[in-house]
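Read off the chains here:
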Amino acid sequence: MEIEQIKVGRMVVFSYLVSCPETKEALIIDPAGNEEQLAEKVKQKGLKLKYIVNTHGHADHTGGNAKMKTLTGAQIVMHTADNEFFNNPQSHGMARQMGLEPTPPADITVEDGDEIVIGKVSLKVIHTPGHRAGGICLLAEGNLFSGDTLFVGGIGRTDIPGASHEQFMTALRGKLMTLPDETIVWPGHDYGPVPSSTIELEKKLNPWLRR
Ligand SMILES: [Zn+2]
Ligand SMILES: [Zn+2]
């Protein structure tokens, strides 16, 4: 599996281009900004982009979906709950207020435990509700793409409408902190002192998760 971390847009979102070196099939996580540059990168690497996967439905992560889909023809993948929540006139209006393009409806919706396959690489969907009801992390070959659930030294906000701090901490502790220590954490924003971390480091240093 090959991973490229790319910082995009105005809100320091980390997008990830994940590919299977053998088959050249690929997916991109949260391509929310710099879409032309991302599509060019896909082309230059000779990749076949199958999916645009969103860690959750917030506009800062899905604002590039429409353009990226037009540029590459890839299918949009989102958790069922966020696909429903973010596809209505009110949510679309909120995205536009932020100066972002609303997402088209997902082509494929996923639930906890589903697998997203590109060539010989399989990414497991871990549902981590709390920041958003339809928040997901993706796990593949010892790599965790953690969206707005887990940051380097931080966690996603739960003081926003639709969030639940209790649910969030249950998901974090029960589903992420139980992963092997050496699991590499790839966050959804560049908020930390370094761009990636491990479960072991977050257990020791993250003030929200230290015991
Ligand atoms: Zn968010
Ligand atoms: Zn975010």
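Anything mentioned here points back to the structure above.
Before going into details, it helps to say that this report is about the structure given with it. Nothing here was measured: the structure is a model prediction, and the numbers come from that model. (Residues numbered from 1 in each chain as written. Chains lettered and ligands numbered in written order. Predicted model: local features only at pLDDT ≥ 70, side-chain atom pairs only at ≥ 80, totals over all residues. Heavy atoms only, no water.)

## Digging into empty space enclosed by the protein
Enumeration according to the criterion identifies one cavity of 30 Å³ or more in this entry. Around the largest cavity, the lining residues are T55, H56, T128, H131, R132, G135, I136, G147, D148, T149 and F168. When the residues that make up the lining of the largest cavity are grouped by side-chain class, the tally is two nonpolar, seven polar and two charged. (1 Å grid on protein atoms, 1.4 Å probe; cavity = no way out; pocket = protein on both sides within 12 Å on 5 of 7 lines; lining within 4 Å. Points joined across faces, edges and corners; volume = space filled by probe spheres on them. Nonpolar A, V, L, I, M, F, W, Y, C, P; charged D, E, K, R; others polar.)

## Describing the packing of aromatic side chains
Describing an aromatic ring pair means giving the distance of the ring centres and the angle of the ring planes. Tallying each qualifying case throughout the model produces five aromatic pairs. Here F14 and Y16 contribute two aromatic rings whose centre-to-centre distance is 6.2 Å and whose plane-to-plane angle is 50°, an arrangement assigned as tilted. We note that F14, like Y16, is buried. The rings of F14, Y16, F145 and W186 are connected pair by pair, giving a single aromatic cluster. Here the guanidinium or amino end of R132 rests over the ring plane of F85, the centre of that ring lying 4.2 Å away. (Phe/Tyr/Trp six-rings, centres within 6.5 Å; stacked < 30°, edge-to-face > 60°. Buried < 20%, exposed > 50% of the residue type's maximum accessible area, 1.4 Å probe, protein only. Lys NZ or Arg CZ within 6 Å of the ring centre and 35° of its normal.)

## Details of the coordination of the zinc ion (ligand 2)
Around the zinc ion (ligand 2), the protein supplies D60 (OD), H61 (NE2), D148 (OD) and H189 (NE2) as donor atoms, at distances of 2.0 to 2.6 Å. Geometry at the zinc ion (ligand 2) is irregular, judged from its four donor atoms and the angles of 88 to 148° they form at the metal. If you list the donors of the zinc ion (ligand 2) from N- to C-terminus, the spacing comes out as D-H-x86-D-x40-H. Here the zinc ion (ligand 2) and the zinc ion (ligand 1) are spaced 3.5 Å apart, linked through D148, which binds each one. Taken as a pair, H61 in helix 2 (residues 59–62) and H189 in the loop between strand 13 (184–187) and strand 14 (197–198) lie far apart in primary sequence, 128 residues in all. H189 matches H61 in its accessibility class, with the two residues each being buried. (Donors = N, O, S within 2.8 Å, 3.2 Å for Na, K, Ca; no water. Tetrahedral: all angles 85-135°; square planar, octahedral: opposite > 155°, others 65-115°. Helix = DSSP H or I, 4+ residues; strand = E, 2+ residues; numbered from the N terminus.)

## Thoughts on helix 1 (residues 35–44)
Listed in full, the buried residues belonging to helix 1 are E35, L38, A39, K41 and V42. Taken down its axis, helix 1 places every buried residue within 155° of arc, on the same side. Opposite the buried face of helix 1, at more than 90 degrees from it, the exposed residues are E36, K43 and Q44. Here the buried face of helix 1 lies against strand 1 (2–8), strand 2 (13–19), strand 3 (25–29), strand 4 (48–53) and helix 3 (65–72). Where helix 1 terminates, the next one or two residues include G46, which has phi positive at roughly 70°. (Arc of directions from axis to C-beta. Contact = heavy atoms within 4.5 Å.)

## What about unusual backbone geometry?
Positive phi, normally seen in glycine, also occurs at K24, with a value near 70°. Structurally, K24 can be placed in the loop between strand 2 and strand 3. Of note in the backbone geometry, N34 takes a positive phi value of approximately 50° without being a glycine. For N34, the location among the structural elements is in the loop between strand 3 and helix 1.

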